[in-house]
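Listed below, chain by chain, are the residues.
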Amino acid sequence: QVQLVESGGGLVQAGGSLRLSCAASRSIFVINGMGWYRQAPGKQRELVAFINSGGTTNYADSVNGRFTISRDNAKNTVYLQMNSLKPEDTDVYYCALDGFPHPGATPRRYWGQGTQVTVSS
């Protein structure tokens, strides 16, 4: 079973920075893409940033220019560098991985357990 292990969340003042990391617990046959979503209580989970196997990135308008997603294919790890953080960025951030766990498998999405990011004003 593939698990995604997240780290890097915490409390930061507005204008500060945090770096989130997410690593897959074991190798995966094919990774199509990895990314980050966030969710506030009572709201739907929303895309923050995603990077596909070719390196193409996609950002939510609200974070474009402030957040940068990157990945280390050798380590099956994705990072989210968050700069110029705002109180409205406060949420639980979830890592996502799309891929094929082994040859012949159907593609699936894996989710991390979530990490809290709190930005104080």
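These numbers come from a predicted model, not from an experiment. (Residues numbered from 1 in each chain as written. Predicted model: local features only at pLDDT ≥ 70, side-chain atom pairs only at ≥ 80, totals over all residues. Heavy atoms only, no water.)

Draft legend 1. Spotlight on the overall build of the protein chain. Counting its regular elements, the protein chain contains zero helices and eleven strands. Secondary structure elements in the protein chain, listed N-terminal to C-terminal, are β-β-β-β-β-β-β-β-β-β-β. A compact globule built from 121 residues should have a C-alpha radius of gyration of about 14 Å, and the protein chain, at 14 Å, falls within 12% of that. With the C-alpha coordinates aligned to their principal axes, the bounding extent of the protein chain is approximately 50 × 25 × 20 Å. Of all intrachain contacts in the protein chain linking residues separated by at least 6 positions in sequence, the fraction that spans at least 24 positions is 56%. Side chains of the protein chain carry 11 positive and 8 negative charges; the gap between the two charge centres is 5 Å. (Helix = DSSP H or I, 4+ residues; strand = E, 2+ residues; numbered from the N terminus. Rg over C-alpha atoms; globule rule 2.2 N^0.38 Å. Contact = heavy atoms within 4.5 Å. Lys, Arg positive; Asp, Glu negative; His and termini not counted. Charge placed at Lys NZ, Arg CZ, Asp CG, Glu CD.)

Draft legend 2. Summary view of the state of the cysteines. Taken as a whole, this structure holds one disulfide when the rule is applied. For Cys-22, the disulfide goes to Cys-95, at an S-S distance of 2.0 Å. Between Cys-22 and Cys-95, the S-S torsion sits near -80°, and that sign places the bridge as left-handed. One end of the pair, Cys-22, is in strand S3 (residues 18–24); the other, Cys-95, is in strand S9 (residues 91–100), with 73 residues separating them in the sequence. The buried category is assigned to Cys-95, whose relative accessible area is 0%. (Disulfide = S-S within 2.5 Å. Buried < 20%, exposed > 50% of the residue type's maximum accessible area, 1.4 Å probe, protein only.)

Draft legend 3. Quick peek at the nonpolar core. In terms of nonpolar packing, the biggest core is built from 29 residues, with Trp-36, Leu-80, Met-82 and Tyr-93 touching the most fellow members. Breaking this core down by element, the ones donating at least two residues are S3, strand S4 (30–39), strand S5 (46–52), strand S7 (67–72), strand S8 (77–82), S9 and strand S11 (115–120). Residue contributions to this core peak at four residues, all from S3. Setting aside anything within four residues of it in sequence, one finds Met-82 in contact with Gly-16, Ser-17, Leu-18, Leu-20, Arg-66, Phe-67, Tyr-93 and Val-117. (Core = buried A, V, L, I, M, F, W, Y, C linked by side-chain atoms within 4.5 Å.)

Draft legend 4. Region of interest: the pattern of salt bridges. Applying the stated criterion to the full structure yields five salt bridges. With a closest N to O distance of 3.1 Å, Arg-38 and Asp-89 form a salt bridge. You can see Arg-38 sitting in strand S4 and its partner Asp-89 sitting in the loop between S8 and S9, a full 51 residues away along the chain. Overall, the relative accessible area of 5% leaves Arg-38 in the buried class. A salt bridge links Arg-66 to Asp-89; the shortest N-O distance between them is 2.8 Å. Of this pair, Arg-66 sits in the loop between strand S6 (57–59) and S7 while Asp-89 is found in the loop between S8 and S9, placing the two residues 23 residues apart along the sequence. (Salt bridge = Lys/Arg side-chain N within 4 Å of Asp/Glu carboxyl O.)

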